[in-house]
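Tertiary structure, described
Residue strings, one per chain:
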Amino acid sequence: GPVSVAPQIRFVTGGQTLLSRGPGQEATTVIQSSYPGLVRAWQDNPWDLYDPISKEHITAFRTSGNRHGLFAVGSSQPTEVLFDAVPSELAAEPPAWGVMSADGLLVYLSTGTAAYVAKRKGEALAFGNLEELGFDIGLIHDVSPDGSLVLASGHLPIKWGTPTDIAAPRRVGLFEIGADGHVVRDTSAEHAPLEAFMQTPTFLGDSRGILFEGDDDIDTGDRLFVYHFGAATEELHPEALQDDDFNTPCAMSDGRIAFWESMPGEYLLRLYDPEADTTETVHEQWLPYTGYVRCR
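Worth saying up front: this structure is predicted, and the values here are computed from it rather than measured. (Residues numbered from 1 in each chain as written. Predicted model: local features only at pLDDT ≥ 70, side-chain atom pairs only at ≥ 80, totals over all residues. Heavy atoms only, no water.)

As for the pattern of salt bridges
Enumeration over the complete set of coordinates arrives at eleven salt bridges. A salt bridge links E176 to R185; the shortest N-O distance between them is 2.7 Å. Residue classification places E176 among the partly exposed positions, given a relative accessible area of 27%. With a closest N to O distance of 2.9 Å, R185 and E190 form a salt bridge. R185 gets classed as partly exposed once you look at its relative accessible area, which sits at 39%. Counted as one network, the salt bridges with shared partners bring together E176, R185 and E190. (Salt bridge = Lys/Arg side-chain N within 4 Å of Asp/Glu carboxyl O. Buried < 20%, exposed > 50% of the residue type's maximum accessible area, 1.4 Å probe, protein only.)

Comments concerning the sheet that holds strand β17 (residues 149-153)
With respect to topology, four strands assemble into an open sheet ordered β16-β17-β18-β19, the strand pairing being antiparallel. In this open sheet, the two strands that pair with only one neighbour each are β16 (139-143) and β19 (183-186). Between one strand axis and the next, the sheet turns through 35° on average, direction left out of account. Note: strand β18 (residues 173-177) against β19, three bridges, orientation antiparallel. Paired with E176 across the bridge in β19 is R185. (Pairing = 2+ DSSP bridges. Helix = DSSP H or I, 4+ residues; strand = E, 2+ residues; numbered from the N terminus. Axes fitted to C-alpha atoms, helices over the stretch in contact; angles between N-to-C directions.)

Structure (structure tokens):
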């Protein structure tokens with residue numbers, strides 16, 4: 001099952017990934033933009049993973065020899081994450097997006113046109129073959145914390161942007177997965193709210209619903225929503241400092257929701273507690289927007 005992990009919010013500014021434990025806690029750098037012989041592969045889409053087993057942060061780097069790979073960044077020098085076999089598409093270009101299961105046993109890497117899964121071989125950061133999922137899936141957005149479902153896109157329309165633009169409005173699918181991480185069946189038709197375009201969809205911490213940013217075409221742009229499985233879609237109402245312009249949310253394991261509040265040219269990282277109906281500022285600085293925040 002999921003490994004116990006202290007709540008954390010990761011975001012990117014100035015090319016570096018910072019981690020905050022919450023309001024009032026100083027953010028610390030967990031991934032630099034470069035290390036000796038390594039430069040971050042994606043400056044415009046700076047995704048990362050947190051491995052709950054090794055407690056290391058992982059992202060894609062290019063080497064000084066122009067080879068790319070995933071590297072874990074911990075207290076020691078960056079170490080490469082190993083796979084038994086890597087498909088030619090991923091060997092040619094670094095993955096545009098990656099997610100890891102809550103137990104650390106599965107990793108999904110996506111190119112925007114295809115998605116792959118690999119299973120961990122032990123406690124070390126070594127995985128078996130990266131195998132394509134099929135089903136015309138181009139991007140795995142998230143794995144449910146209980147390990148039963150994945151949120152995917154690429155097999156349904158994307159409204160604008162490139163397939164690798166994680167913030168682009170898109171139709172998403174909900175797929176059941178097996179213990180090896182492979183897709184068992186497409187359950188999208190069982191969930192009517194998935195017929196709408198949405199942005200940056202992620203699972204709730206209890207795996208019982210989907211958190212997403214609305215889309216302008218359905219008059220829900222720049223606002224936050226939760227679709228509860230088997231129930232209605234609910235709009236969330238954080239208390240804004242400037243304007244009700246909320247972007248790219250993610251759900252923490254304890255039910256709180258991190259998001260960016262926008263004003264022209266700048267963004268502030270906020271934290272909303274739906275149960276208490278309170279909103280706090282995570283990082284007391286307005287920042288240029290990267291479209292990126294992660295809570296797991």
